[in-house]
Amino acid sequence: MRVRLDQLVISALQQGSAVPAFTCYDFTTALAVVGAAEAAGRGVILLVSPSTAATRNGLRLIAALRGLADGAGVPVAVQLDHASKLRVIADAVSAGADSVLVDGSSLDYEDNIALVRAAGAVLDVLASGGSGAGSEIVIEAELGGLAGDEDRAFGSGAAGHAPAAGFTDSAQVEDFVARSGAQLLAVAVGNVHGRYKGEPELRWDVLQDIAVRTRIPLVLHGASGIPAAELVKAAAMNVGKVNFNTELRTGVLETLEACTAAHRTDGENLQGLLADWDASAGTFAAAALATLSR
Ligand code: 13P
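Counting restarts for each chain: residues are numbered from 1 in the order of the written sequence. Totals for whole chains, interfaces and linings use every residue, but because this is a predicted model, local features are given only for residues with pLDDT of at least 70 and side-chain atom pairs only at 80 or more, for both listing and counting.

Enquirer: Looking at this structure, I do not really get the overall build of the chain. What am I missing?
Expert: Put simply, DSSP marks the helices as runs of H or I at least four residues long and the strands as runs of E at least two long, and each gets a number from the N terminus on. Scanning the chain from terminus to terminus reveals 11 helices and 8 strands. For the chain, the spread of C-alpha atoms along the principal axes amounts to about 60 × 50 × 35 Å. The buried share of the chain, taken over its 294 residues, is 49%. Any residue surrounded by 20 or more other C-beta atoms within 10 Å of its C-beta is treated as buried, while 12 or fewer makes it exposed and the intermediate range makes it partly exposed; C-beta atoms here are placed from the backbone.

What follows is the structure, given as structure tokens:
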């Protein structure tokens, strides 16, 4: 069922839980994630990479995810992840995304704020148009930068060291939230996209310092590789959304590698392969939902 992403996250936080968000490059994975959320009776977020949304088929995938989300038995939001191009934001929202991470984290502080505000203005224009797209769209912004690649898992962020772009500066949080108009804030506290070099060492002290500066929910990207025992602490620090991608991909690719030959032998059984894919993605999503739910 349709839900505003910020309301989904805030109501989870009120119960001491966080909502997992999973990158979906395809419909099979999205079906598995939504199935796991329905089985758990929990809301979930489907993420679409900006590299997906920049293509015609990617926009068709967003439209398909919109239909899947609306027809689901639990609240499901569809978010365009890490977008920095206004054209891609407008296209993705027109296709059916209901929230956007407007990612100006690689920009100077003022330019980051300006990008988030510009995206808000684009959404206002869309909302005033005939289609109604753009209204009720939730904006997440990112302050501080994460090392690593969003679509490819190469090791980064040596444990214990700040990623190149730096931790979120807690002193900027209040001003950034007020001036950008963001409804959720993604933070950099030692988390990285892709694989961690060595053990992840999240700076909970920095997160705590950020959490007391704003009332809007915080978002933890780069959750792959962070032990469940660490992730369970997040909601207590107002982290209401936790993003997973790499671990989900790893599991699906390992499964496909292990099962493909048997399905070929079994009469080129593509349905059988898709069932294994579904099981892999669904098991991962179910585990993340259980970890983050109180
Ligand atoms: P990981 O690939 O490290 O899980 O990060 C996912 C993410 O943050 C998507 O925005």
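Enquirer: Before we go on, may I ask you to explain the site of the ligand in this structure?
Expert: Put plainly, near means the residue's C-beta atom, positioned from the backbone, lies within 6 Å of the molecule or strand in question. The ligand sits among 15 residues. The nearest are His221, Ser224, Asn243, Asn245 and Thr246. Put simply, the parts of the chain that give the shell around the ligand at least two residues each are β8 (239-244) and α10 (246-265).

Enquirer: I would appreciate a short explanation of the nonpolar core in the present structure.
Expert: As a rule of thumb, soluble globular proteins bury nonpolar side chains together. Residues Val33, Leu46, Val48, Ala92, Val100 and Val187 are the most contacted members of the largest nonpolar core, which totals 92 residues. In terms of residue count, helix α11 (residues 270-292) provides more of this core than any other element does, 7 residues in total. What counts as a contact here is a pair of residues whose C-beta atoms, placed from the backbone, lie within 7 Å. If we ignore the near neighbours within four places in the chain, the residues touching Ala92 are Val48, Ala53, Leu59, Ile62, Leu80, Ala97 and Val100. Connectivity within a nonpolar core runs through C-beta atoms within 7 Å, and the core itself is a set of buried Ala, Val, Leu, Ile, Met, Phe, Trp, Tyr and Cys residues.

Enquirer: What's the story with the sheet that holds strand β7 (residues 218-220) in this structure? I'm lost.
Expert: Note on sheets: strands pair through backbone hydrogen bonds, and any given pair is parallel or antiparallel. Strand pairing is defined by DSSP finding a minimum of two bridges between the two strands. The strand order around the closed barrel built from 8 strands is β1-β2-β3-β4-β5-β6-β7-β8, with neighbouring strands paired in parallel fashion. Going from strand to strand, the sheet's axes swing by 30° on average, the running direction of each strand aside. Taken together, the 4 bridges between strand β5 (residues 138-143) and strand β6 (residues 184-187) define a ladder with parallel strand orientation. By the bridge assignment for β6, Glu142 is matched with Ala186. In this analysis, axes come from line fits to C-alpha atoms, helices being fitted only over the stretch in contact, and the angle between any two N-to-C directions falls in the range 0 to 180 degrees.

Enquirer: Help me understand the environment of Ala12, please; the structure alone is not making it clear to me.
Expert: Along the chain, the position of Ala12 falls in helix α1 (residues 5-14). Using a count of 23 C-beta atoms within 10 Å as the deciding quantity, one classes Ala12 as buried. Residues Ala12 and Leu292, 280 residues apart in the sequence, show an inter-C-alpha distance of 9.4 Å. Among residues more than four places away in sequence, those in contact with Ala12 are Ser17, Ala18, Val19, Gly43 and Gly240.

Enquirer: So what exactly am I meant to see when it comes to the environment of Gly251 here?
Expert: Looking at where Gly251 falls in the secondary structure, it is placed in helix α10. For the pair Gly251 and Thr283, spaced 32 residues apart in the sequence, the C-alpha separation amounts to 9.5 Å.

Enquirer: Which parts of the structure should I look at to understand unusual backbone geometry?
Expert: Both trends apply: most residues other than glycine have a negative phi, and most peptide bonds are in trans. Even without a glycine there, the phi angle at Asn238 is positive, about 65°. Examined against the element boundaries, Asn238 turns out to sit in the loop between α9 (228-231) and β8. Take Asn238: there are 22 C-beta atoms within 10 Å of it, and that puts it in the buried class. Positioned with a positive phi, Glu268 is a non-glycine residue whose angle comes to about 55°. Checked against the element boundaries, Glu268 lands in the loop between α10 and α11.

Enquirer: Help me understand helix α4 (residues 56-71) in this model?
Expert: Side chains that are three or four residues apart share a direction in an α-helix, a result of its 3.6 residues per turn. Between the first and last C-alpha of α4 there are 23 Å, a value that for 16 residues agrees with the 22 Å anticipated at 1.5 Å per step. What α4 keeps buried is the set Gly58, Leu59, Leu61, Ile62, Leu65 and Ala69. The buried residues of α4 occupy an angular sector of 150° when the element is viewed end-on, so they sit on one face. Exposed and oriented more than 90 degrees from the buried face of α4 are Arg56, Asn57, Gly67 and Gly71. Where α4 is buried, its residues meet α2 (27-40), β2 (44-48), α3 (50-53), β3 (76-83) and α5 (86-95). How far a helix is expected to stretch is found by multiplying one less than its residue total by 1.5 Å. The arc in question is formed by the directions pointing from the helix axis toward the C-beta atoms.

Enquirer: Just to check I follow, could you spell out the pairing of β2 for this structure?
Expert: The side chains of a regular strand alternate, residue by residue, between the two faces of the sheet. With 5 of 5 residues buried, β2 lies mostly within the body of the structure. On β2, burial covers both faces: Val44, Leu46 and Val48 on one face and Ile45 and Leu47 on the other are all buried. Pairing geometry for strand β1 (residues 19-23) and β2, over 3 bridges, is parallel. Bridged to Phe22 within β2 is Leu46.

Enquirer: Looking at this model, I keep getting lost on the packing of α4 against α5. Mind explaining?
Expert: Two measures define how a pair of helices packs: the angle their axes make with one another and the distance between the axes. For the pair α4 and α5, the least separation of the axes is 8 Å and the interaxial angle reads 40°. Overall, the two elements α4 and α5 adopt an arrangement that is oblique. Regarding α4 and α5, the two cross each other, and that crossing is right-handed. Counting all contacts with α4, which are made through Leu59, Ile62 and Ala63, the residues of α5 involved are Asp91, Ala92 and Ala95. The residue makeup of the contact of α4 with α5, split by class, is 5 nonpolar, no polar and 1 charged. What sets the label is the angle itself: under 35 degrees gives roughly parallel, over 145 gives roughly antiparallel, 65 to 115 gives roughly perpendicular, and the rest give oblique. Throughout, a crossing is termed right-handed when the near helix is turned clockwise from the far one, and left-handed when it is turned anticlockwise from it by less than a right angle. Ten residues, namely Ala, Val, Leu, Ile, Met, Phe, Trp, Tyr, Cys and Pro, are considered nonpolar, four, namely Asp, Glu, Lys and Arg, are considered charged, and the remaining ones, Gly among them, are considered polar.

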